[in-house]
Amino acid sequence: MKAYRHVLQRKNKEDFFIPDFTATGILDVDFARLKKNGVRHILVDLDLTLRKKRIYSLDPEIKAFLLEAVKTFDFKSLSIASNNMTPLRRYANPLNANIFQPYISGLILVRKPNALFYQRILNRLKASGHECVMIGDKLRGDVYGGNMAGMQTVLVEPRGNDYWYDRILRTRHRELKTMQKYFPDYEA
Ligand SMILES: [Mg+2]
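Not measured: the values here are computed from a predicted model.

Colleague: An account of the environment of G160 is requested, with residue identities and associated values reported.
Modeller: Examined against the element boundaries, G160 turns out to sit in the loop between β9 (152-156) and α6 (164-168). By relative accessible area, G160 is classed as partly exposed at 44%. The spacing of G160 and K52 is 108 residues in sequence and 5.4 Å in space, taken between C-alpha atoms.

Now the structure itself:
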């Protein structure tokens, strides 16, 4: 896990797209360091962070790694925060994790990176932002949303292949450009 936090003073909107840390994957996340930073609650994205496309169970190595991290560093909670609308218990149950998914409020679907989505998580966990870390593979949904909620953030490289819509939208290309604007040497 690589730190970017120390070089960043977030002022403009775009600054909030930059994570505090980057990691090559979920298994590269340094939970000892996050604990030292005051993190008590872990939020993890599901798609392409915990699981690859078309894989409908949790990777045993990832499961063991996360359970060990929670135990070792005495984190208060582990949650899956996902925009995926399908039932997620098959991923959350083996981790004893909470599930946070999109919900309807009025006429809108509240999902990442909506501030309401993150605020609801903080309310449920009775936590303040800086006590939480949001770990995910997307600069917009995961990193921007988490940063705006005052959370610590980790951008991980996606597991496996992207979804078709992200290929069409050239999400990764735009994310790379954003990161390189701040850190010219950055490579995904
Ligand atoms: Mg994802």
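Here the narrative resumes.
Colleague: So, the side chain of S79: which residues are in play, and what are the values?
Modeller: Structurally, the position occupied by S79 is in strand β4 (residues 77-81). Classification of S79 as buried rests on a relative accessible area of 0%.

Colleague: Can you break down the pairing of β4 residue by residue, with the values?
Modeller: When a strand is regular, its side chains alternate between the sheet's two faces. Within β4, five of the five residues are buried, leaving the element largely enclosed by the surrounding structure. Here four bridges tie strand β3 (residues 41-44) to β4, and the two strands are oriented parallel to one another. In the sheet register, I42 faces β4, and the bridge partner there is L78. With respect to chirality, the unit in which β3 leads through helix α2 (residues 60-73) into the neighbouring parallel β4 is right-handed. With three bridges connecting them, β4 and strand β5 (residues 98-100) associate as parallel partners. Across the sheet, A81 pairs through a bridge with F100, a residue of β5.

Colleague: Outline the packing of aromatic side chains, listing residues and values.
Modeller: Considering all chains together, one arrives at ten aromatic pairs under this definition. Centre to centre, the rings of F17 and Y144 are 4.4 Å apart; their planes meet at 20°, and the pair counts as stacked. You can see F17 sitting in the loop between β1 (2-3) and β2 (21-23) and its partner Y144 sitting in helix α5 (residues 139-148), a full 127 residues away along the chain. Pairing W164 with Y165 gives two aromatic rings, centres 5.5 Å apart and planes at 80°, and the pair type is edge-to-face. Among the residues examined, W164 registers a relative accessible area of 56% and is labelled exposed. Looking at Y165, the relative accessible area reads 36%, which means it is partly exposed.

Definitions and cut-offs
Residues numbered from 1 in each chain as written. Predicted model: local features only at pLDDT ≥ 70, side-chain atom pairs only at ≥ 80, totals over all residues. Heavy atoms only, no water. Helix = DSSP H or I, 4+ residues; strand = E, 2+ residues; numbered from the N terminus. Buried < 20%, exposed > 50% of the residue type's maximum accessible area, 1.4 Å probe, protein only. Pairing = 2+ DSSP bridges. Right-handed = clockwise from strand over helix to strand, strands pointing away. Phe/Tyr/Trp six-rings, centres within 6.5 Å; stacked < 30°, edge-to-face > 60°.

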